[in-house]
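Each chain, letter by letter, is given below.
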Amino acid sequence: MLENGDIKLDETDAAVIIDGEEARIQRVLICAAAQRGRFVYDRELGSDYIGTMSARDAEMVINEALSEYDEGYVRVLECGETLRLGIETDGGIVEREVHFYGDL
């Protein structure tokens, strides 16, 4: 699990492992935040999102980036300085803010 840009550790300093819906949500957030081509281990990971895009264009490039992962459709609720997504889950739409941490 990532938290504040770092791997989250439990009380024994072991990495916290997530699965199911939380893992799916985190994959969506990572894919939306990562600039396509910047992650050295997977140049296809990420999206072409830039903060000056319209919500419609942002939604298009983020969903295109997610298409190979079969993560369902993501709605852009707010874009620009802040990127907020509506992520479909089994329990309904979950709203999350995307955090950008620079190059991966």
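Everything quoted here is computed from the prediction, not taken from an experiment.

Attention now moves to the overall build of the chain. Helix and strand counts for the chain come out as two helices and five strands. The order of α-helices and β-strands along the chain, N terminus first, is β-β-α-α-β-β-β. The C-alpha atoms of the chain give a radius of gyration of 14 Å, which matches the 13 Å a tight globule of 104 residues would have. In terms of principal-axis extent, the alpha carbons of the chain reach across some 45 × 35 × 25 Å. Partitioning the intrachain contacts of the chain with sequence separation of at least 6 by distance along the chain shows that 38% fall at a separation of at least 24. The distance from the centre of the 10 positive side-chain charges to the centre of the 24 negative ones in the chain is 4 Å.

Turning next to the confidence of the model for the chain. When pLDDT is averaged along the chain, the result is 87; 93% of the residues meet or exceed 70. Least confident of the elements in the chain is strand S1 (residues 2-3), whose mean pLDDT is 76; most confident is strand S3 (residues 74-78), at 96.

This part covers the nonpolar core. Core analysis: the biggest nonpolar cluster contains 20 residues, and Tyr49, Ile62, Leu83, Leu85, Ile87 and Val98 have the highest contact counts within it. Residue assignment for this core shows that the elements contributing at least two residues are helix H1 (20-33), helix H2 (55-66), S3, strand S4 (83-89) and strand S5 (92-98). Here this core gets six residues from one element, more than from any other, and that element is H1. Other than its neighbours up to four places away in sequence, valine 98 contacts Leu29, Ala32, Ala33, Leu83 and Leu85.

Before going further, it helps to examine the environment of arginine 36. Of note, arginine 36 is situated in the loop between H1 and H2. Remark: the alpha-carbon pair of arginine 36 and aspartate 48, spanning twelve residues in sequence, is separated by 5.9 Å. Excluding its chain neighbours within four sequence positions, the residues that come into contact with arginine 36 are Arg43, Glu44, Leu45, Gly46, Ser47, Asp48 and Ala65.

With twelve residues, H2 extends 16 Å from end C-alpha to end C-alpha; this agrees with the ideal 16 Å at 1.5 Å per step. Taken together, the buried positions of H2 are Ala58, Glu59, Val61, Ile62, Asn63, Ala65 and Leu66. Against the buried residues of H2 lie H1, S3 and S4.

Criteria and cut-off values
Residues numbered from 1 in each chain as written. Predicted model: local features only at pLDDT ≥ 70, side-chain atom pairs only at ≥ 80, totals over all residues. Heavy atoms only, no water. Helix = DSSP H or I, 4+ residues; strand = E, 2+ residues; numbered from the N terminus. Rg over C-alpha atoms; globule rule 2.2 N^0.38 Å. Contact = heavy atoms within 4.5 Å. Lys, Arg positive; Asp, Glu negative; His and termini not counted. Charge placed at Lys NZ, Arg CZ, Asp CG, Glu CD. pLDDT = per-residue confidence, 0-100. Core = buried A, V, L, I, M, F, W, Y, C linked by side-chain atoms within 4.5 Å. Buried < 20%, exposed > 50% of the residue type's maximum accessible area, 1.4 Å probe, protein only. Expected span 1.5 Å × (residues − 1).

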